[in-house]
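# Examination of the molecular architecture
If you want the building blocks of each chain, they are given just below.
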Amino acid sequence: MLNLRTGQVEAVVESYLPPAEGYQKTVLDAMDYSVKAGGKRLRPMLMEEVYRLFGGQGKEIEPFMAAIEMIHTSSLIHDDLPCMDNDTLRRGKPTAWVKFGYDMAVLAGDGLLIYAVETAAKAFSMTDRADLVGRCIGILAEKTGIYGMIGGQTVDVELTNQPIPREKLDFIYRLKTGALLEASMMIGAVLAGAKEDEIHITEQMASAIGLAFQIQDDILDVTSSAEVLGKPVLSDEKNNKTTYVTLEGIDKAKQEVKRISEEAVACLHSLPGKNEFLEALIRMLVSREK
Ligand code: GRG
């Protein structure tokens, strides 16, 4: 079921990629390569499912689905750079900097990041609710930026090689991983015309999913294999990073994933409408093996 949806979402995302031509073709090739390298497409999938949950039926969600995957991919490109995690494998393929060089990988990440905004702005001509599109572009920027993913990554990088107390680790995870999930699901809710209290519950639900998702990422880093994950394992140990697993141990980390994901499901149940796929997706996300 998930594979089928991944394929459908992928088709939407790829339809918004710029053609790889012109004098700047090299950077466009690197952008194209990184997006098309694969991935589970969870963020646009969650966005679309929340949009449907609140009764959204239009097409203006599609540029936002593409935009969030472009931003996510830009963060993976930069995360793999020698100055960050220094990883050589991502989504089962050589990382962008290995394939295109450090300089082009930096530019490809920058290129995707801002092309995402250009893409999201296409939604203005697809709806008569320009106010909602404008609000969603604001959410996209805020959750990506210094009060979102980039802020979380800053603290993460700065505290590498240092012990991190649980409360600060929560902050890092809620921002570096949770914020983009919050943007994904909030945009689905806002564009579909959800009420303010529903948007707030959606944000809380996404925040819980983000935290559980990142703890599961920590667990997989020590329990899985590069073949299954499509990226190196034991990356946190290599980079001397404090994670939930190093802080709490693997059993407690697993319990936390379960507990926090149940919080997310409880948020979903408190919203009007029924979306069995979304509930299954939340449960799958946190018990995932890749
Ligand atoms: C250039 C916008 C920009 C940001 C730079 C490097 C950085 C700031 C942020 C890194 C944020 C990051 C990589 C957090 C980890 C999030 C995470 C668990 C990613 C894995 O997501 P999956 O499993 O990956 O959904 P796929 O490959 O399936 O899409």
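As the structure is a prediction and not an experimental result, all values here were calculated from the model.

How each quantity is defined
- Residues numbered from 1 in each chain as written.
- Predicted model: local features only at pLDDT ≥ 70, side-chain atom pairs only at ≥ 80, totals over all residues.
- Heavy atoms only, no water.
- Near = heavy atom within 4 Å.
- Polar contact = N/O pair within 3.5 Å; in protein donor to acceptor, adjacent residues only side chain to side chain.
- Areas by Shrake-Rupley, 256 points an atom, 1.4 Å probe, with all protein chains shown as cover.
- Helix = DSSP H or I, 4+ residues; strand = E, 2+ residues; numbered from the N terminus.
- Nonpolar A, V, L, I, M, F, W, Y, C, P; charged D, E, K, R; others polar.
- Expected span 1.5 Å × (residues − 1).
- Buried < 20%, exposed > 50% of the residue type's maximum accessible area, 1.4 Å probe, protein only.
- Arc of directions from axis to C-beta.
- Contact = heavy atoms within 4.5 Å.
- Axes fitted to C-alpha atoms, helices over the stretch in contact; angles between N-to-C directions.
- Parallel < 35°, antiparallel > 145°, perpendicular 65-115°, else oblique.

### Topic: the site of the ligand
Lining the immediate surroundings of the ligand are 20 residues, of which Lys40, Arg43, His72, His78 and Arg91 lie closest. In the model, an oxygen atom of the ligand is placed 2.8 Å from a nitrogen or oxygen of the Arg43 side chain. Measuring from an oxygen atom of the ligand, one finds a side-chain N or O atom of Arg91 at 2.8 Å. Its free accessible area being 760 Å², the ligand has 93% of it covered by the protein chains. Per element, the largest residue contribution to the shell around the ligand is six residues, and it comes from helix H4 (residues 61–79). Looking at the shell around the ligand residue by residue, the classes come out as five nonpolar, eight polar and seven charged.

### Here's the deal with helix H15 (residues 276–287)
With 12 residues, H15 should cover 16 Å at 1.5 Å per step; its first-to-last C-alpha distance of 17 Å lies within 8% of that length. Listing the buried residues of H15 in full gives Phe277, Leu278, Leu281, Ile282, Leu285 and Val286. Buried positions in H15, seen along its axis, are confined to an arc of 155° and lie on one side of it. Where H15 is buried, its residues meet helix H1 (2–15), helix H3 (42–53), helix H9 (166–191), helix H10 (196–223) and helix H14 (250–269). For H15, the capping residue at the N-terminal end is Asn275, with a side-chain oxygen 3.1 Å from the backbone nitrogen of Phe277.

### Some points on the packing of H1 against H4
Contact geometry of H1 with H4 gives a least axis separation of 8 Å together with a crossing angle of 90°. With respect to each other, H1 and H4 are oriented roughly perpendicular. On H4, the residues that touch Val9, Val12 and Val13 of H1 are Glu62, Met65, Ala66 and Glu69. Tallied by class, residues from the contact of H1 with H4 come to five nonpolar, no polar and two charged.

### Here's the deal with unusual backbone geometry
A positive phi angle is found at Arg41, which is not glycine, with a value near 60°. Structurally, Arg41 is set in the loop between helix H2 (25–36) and H3. We classify Arg41 as buried; its relative accessible area is 1%. Positive phi is not limited to glycine here, since Asn161 has a value of about 75°. With respect to the helices and strands, Asn161 occurs in the loop between helix H8 (149–158) and H9. Note on Asn161: relative accessible area 54%, which makes it exposed.

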